[in-house]
Amino acid sequence: MGAKEEWQVSCRDIASRRRDLTVFVSQGHIVINVPPGEAAVLTPLEVGRLRAALREAVVAASDTEM
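Because the structure is a prediction, the values reported are computed rather than measured.

### A word on the overall build of the protein chain
Along its length, the protein chain carries one helix and three strands. In the protein chain, the succession of helices and strands from N to C terminus is β-β-β-α. On the principal axes, the C-alpha backbone points of the protein chain span a range of 40 × 20 × 15 Å. Going through the 66 residues of the protein chain one by one, you find that 26% of them count as buried.

The following block contains the structure:
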């Protein structure tokens, strides 16, 4: 198994505190770790970053299946 790839996406929780979403690949699955017990509030730019992280994670997960 290769190095664990992980992507961080900045966001805010419902109380406007800075938080991070973490996207990573585990055994060919995409995992999104959100702030514990909170909702993640994203700006349009942050949504774009999340989309990019998910796209990269899908490519990484596909590479592990081969």
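### Digging into the nonpolar core
Grouped together as the largest cluster of nonpolar side chains are eleven residues: Trp-7, Val-9, Cys-11, Leu-21, Val-23, Val-25, Leu-50, Ala-53, Ala-57, Ala-60 and Ala-61. For this core, the secondary-structure elements that each account for two or more residues are strand S1 (6-12), strand S2 (18-26) and helix H1 (44-65). Looking at this core element by element, the count peaks at five residues for H1.

### Some details on the sheet that holds S1
The strand order across the open sheet formed by three strands is S1-S2-S3, and the pairing between neighbours is antiparallel. Single-partner strands in this sheet number two, and they are S1 and strand S3 (29-33). Neighbour-to-neighbour, the strand axes of the sheet open up by a mean angle of 20°, direction not taken into account. With five bridges connecting them, S2 and S3 associate as antiparallel partners.

### Quick notes on the environment of Ile-30
The topology assignment puts Ile-30 in strand S3. Between the C-alpha atom of Ile-30 and that of Val-58, which follows or precedes it by 28 residues, the distance is 6.9 Å. Every residue in contact with Ile-30, bar those within four places of it in the chain, is listed here: Val-23, Phe-24, Val-25, Leu-54, Ala-57, Val-58 and Ala-61.

### Details of the pattern of salt bridges
Taken as a whole, this structure holds three salt bridges when the rule is applied. A salt bridge links Glu-38 to Arg-17; the nearest nitrogen and oxygen atoms lie 3.0 Å apart. Separated by 21 residues along the polypeptide, Glu-38 in the loop between S3 and H1 and Arg-17 in the loop between S1 and S2 bring together distant segments of the chain. On the accessibility criterion, Glu-38 (27% relative accessible area) is partly exposed. Each of the salt bridges in this network shares a partner with another, and the network as a whole consists of Asp-13, Arg-17, Arg-19 and Glu-38.

Rules and cut-offs
- Residues numbered from 1 in each chain as written.
- Predicted model: local features only at pLDDT ≥ 70, side-chain atom pairs only at ≥ 80, totals over all residues.
- Heavy atoms only, no water.
- Helix = DSSP H or I, 4+ residues; strand = E, 2+ residues; numbered from the N terminus.
- Buried < 20%, exposed > 50% of the residue type's maximum accessible area, 1.4 Å probe, protein only.
- Core = buried A, V, L, I, M, F, W, Y, C linked by side-chain atoms within 4.5 Å.
- Pairing = 2+ DSSP bridges.
- Axes fitted to C-alpha atoms, helices over the stretch in contact; angles between N-to-C directions.
- Contact = heavy atoms within 4.5 Å.
- Salt bridge = Lys/Arg side-chain N within 4 Å of Asp/Glu carboxyl O.

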